[in-house]
Amino acid sequence: MRDSYGRNIDYMRISITDRCNLRCQYCMPRGIPFVQMEEILTYEEIALICKASVEAGITKFKITGGEPLVRRGCPQLVGMLRRIPGVSQVTLTTNGVLLGKYLDELIQNGLDAVNISLDTLDAETYKKITGSTELESVKENIVLAVDRGIPVKVNSVLQKKINAHEWQELAMLARDLPIDVRFIEMMPIGYGKKCEVVSGDEIQKELKALYPDMKEDHTVRGNGPATYYQIPGCLGSVGFISAIHGKFCKQCNRIRLTASGKFKPCLCYGESVDVKEVIRSMTKETEDEKIERVKQIIIEAIEKKPKQHCFEMTEKITEDKQMVQIGG
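Each value, and the rule that gives it
- Residues numbered from 1 in each chain as written.
- Predicted model: local features only at pLDDT ≥ 70, side-chain atom pairs only at ≥ 80, totals over all residues.
- Heavy atoms only, no water.
- Patch = residues over 30% accessible without salt bridge, like charges linked within 9 Å, V, L, I, M, F, W, Y side chains within 5 Å.
- Areas by Shrake-Rupley, 256 points an atom, 1.4 Å probe, with all protein chains shown as cover.
- Salt bridge = Lys/Arg side-chain N within 4 Å of Asp/Glu carboxyl O.
- Lys, Arg positive; Asp, Glu negative; His and termini not counted.
- Charge placed at Lys NZ, Arg CZ, Asp CG, Glu CD.
- Helix = DSSP H or I, 4+ residues; strand = E, 2+ residues; numbered from the N terminus.
- Buried < 20%, exposed > 50% of the residue type's maximum accessible area, 1.4 Å probe, protein only.
- 1 Å grid on protein atoms, 1.4 Å probe; cavity = no way out; pocket = protein on both sides within 12 Å on 5 of 7 lines; lining within 4 Å.
- Points joined across faces, edges and corners; volume = space filled by probe spheres on them.
- Pairing = 2+ DSSP bridges.

Engineer: Before we go on, may I ask you to explain a negative patch on the surface in this structure?
Structural biologist: A cluster of acidic side chains, namely Glu55, Glu285, Asp288, Glu289 and Glu292, defines a negative patch on the protein surface. The greatest single-element share of the negative patch, amounting to three residues, is contributed by helix α10 (residues 287-303). Examined against the element boundaries, glutamate 285 turns out to sit in the loop between α9 (276-281) and α10. With relative accessibility at 33%, the residue glutamate 285 sits in the partly exposed group.

Engineer: What am I meant to see in unusual backbone geometry here?
Structural biologist: For residues that are not glycine, phi is negative in most cases, and the peptide bond is trans in most cases. Along the chain, glycine 65 connects to glycine 66 via a cis peptide bond; the corresponding omega equals 10°. Looking at where glycine 66 falls in the secondary structure, it is placed in the loop between β2 (60-64) and α2 (74-82). One non-glycine residue with positive phi stands out, namely lysine 161, at about 70°. Here lysine 161 is to be found in the loop between β5 (152-156) and α6 (167-171). Look at lysine 161 and you get exposed, because its relative accessible area is 77%.

Engineer: Is there a simple way to think about the layout of surface pockets in this case?
Structural biologist: In this approach a probe as big as a water molecule rolls over the atoms, and the regions it shows empty are the leftover space. Size it by volume and the second largest pocket reaches roughly 250 Å³. In this structure, the second largest pocket is lined by 17 residues; those nearest its centre are Thr258, Ser260, Lys262, Lys321 and Gln325. Among the elements that take part in the lining of the second largest pocket, helix α11 (residues 323-326) stands out by supplying three residues, more than any other.

Engineer: Quick question: what am I supposed to make of the pairing of strand β10 (residues 254-257) here?
Structural biologist: In regular strands, side chains alternate between the two faces of the sheet. Side chains of β10 alternate between two faces, with Arg254 and Arg256 and Ile255 and Leu257 buried alike. Of the strand pairs in this sheet, strand β1 (residues 11-15) and β10 are connected by four bridges, and their pairing is parallel. Within β10, the residue paired with methionine 12 across the bridge is isoleucine 255. Of the pairings in the sheet, the one linking β10 to strand β11 (residues 262-264) comprises two bridges and is antiparallel in character. When the bridges of β11 are listed, arginine 256 appears paired with lysine 264. Between β10 and β11, which follow one another and run antiparallel, lie four residues, and glycine 261 among them has a positive phi close to 85°.

So this is what it looks like as structure tokens:
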């Protein structure tokens, strides 16, 4: 459906948990409280919301967290959503640690593609960023997913004085593997406000200097706002999602659903629309009646989407939660 500014909103990011097996500070600083399990949407509630979403014109869904694979039954949820008439795509964003364990189940349940978060190829830096020593497992699972024929994107967030110098090594993952490596600018949400942003423009200039024959790739490669480049001799592409320096709000096509059942029209602002409480209050309605009511809530949330974010003016950001709490 169209929002107030004429944008076609056809994509929903669904956080199914605020828990994670890694501790990346910019996403999940230590000490933040978890939502109690009874306050988390059930899979049946998520499926109901997705049925209503399809009726509102949203047909593409991304399962996120936290880390979605730490929640039991995640592959089965993929299957539940994939079987809803009208759903065109179900994808997953993961840190990759558990991907090898669940990959076959995910594929059997109809997963269309996977995004894997990986900010470094150095073991010590990986431990510094994530608090984990699972780097080799993640690298192996990227190759495994490629071998299984599932489309793979690797998402990298660069931070000055930590991993910014690794941009070339990360980009070259696309040389030998048919994957998209995407550099995502740090969003100033929660702890991310304290981090020094590495501009996507900076990396693009460095790449063009090294590879003057690099050309923009206009192939549709997903649902996000990334711009892609093809480097001669590479099997994959390199992409950039530049929320700060390449404001893409005019092309925004998404809405977010938090694990605790709130629609977020925009990451930048604290405003949300509660759907969970409405669903749980409807104890006597038929499923069709519930779907119609939820559809109206989705429409309400989409109508609240702002024209643009204000990430470049941090004093105007009203979202005060950490990234993991809002399913960014």
